[in-house]
Amino acid sequence: MRESLVKLARVSAAIYSGDDLAIGHLDTWVRENFDLRISLQDDEMPRKFRPFRLEGVSYDRTPHIKVNDGGAPWACGRVYFALDRLNSRVIVDHVGVHW
């Protein structure tokens, strides 16, 4: 998971660098440029689990990195995060097993 977090930090630095990037679909761009599998949706995640608050602001933790995907949920690692465009950062909310 450490390697995935390092890659996510690099993704954050790139997308909030101020450079004019042609990203298209973010998940595809991240996979192609950073060798990181992310998903921006999770249809099985309960809606009440999606929001979290940080510094008085509500964020959506649905985006996640897929680590060891394809097995039982208890064996699949996940890094749930939010994209904070206002503050030019990625906020990591959960590192561990599938929700």
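Residues numbered from 1 in each chain as written. Predicted model: local features only at pLDDT ≥ 70, side-chain atom pairs only at ≥ 80, totals over all residues. Heavy atoms only, no water.

1. Details of the packing of aromatic side chains
Given two aromatic rings, one states the distance between the centres and the angle between the planes to describe the pair. Where we set the bar: Here the aromatic set is Phe, Tyr and Trp, taking the six-membered ring for Trp, and pairing holds for ring centres within 6.5 Å; pairs whose planes are under 30 degrees apart are stacked, those over 60 apart are edge-to-face, and all others are tilted. Exposure classes here rest on a 1.4 Å probe applied to the protein chains alone. A residue is buried below 20% of its type maximum, exposed above 50%, and partly exposed in between. Helix and strand assignments follow DSSP, with helices taken as H or I runs no shorter than four residues and strands as E runs no shorter than two, numbered in order from the N terminus. When the NZ atom of lysine or the CZ atom of arginine is within 6 Å of a ring's centre and also within 35 degrees of its normal, the charge is said to sit over that ring.
Per the stated rule, a full pass over the model turns up three aromatic pairs. Judged by centre distance (5.4 Å) and plane angle (65 degrees), the rings of Trp29 and Phe34 are edge-to-face. Taken as a pair, Trp29 and Phe34 share a single burial class, namely buried. Ring centres of Phe49 and Tyr80 lie 6.5 Å apart, and the angle between their planes is 85 degrees; this geometry places the pair in the edge-to-face category. With Phe49 in the loop between β1 (38–39) and β2 (51–54) and Tyr80 in strand β5 (residues 77–84), this pair connects stretches of sequence that are 31 residues apart. For Phe49, a relative accessible area of 30% translates into the label partly exposed. Over the ring of Phe49 we find Arg61, and its NZ or CZ is 4.6 Å from the ring centre.

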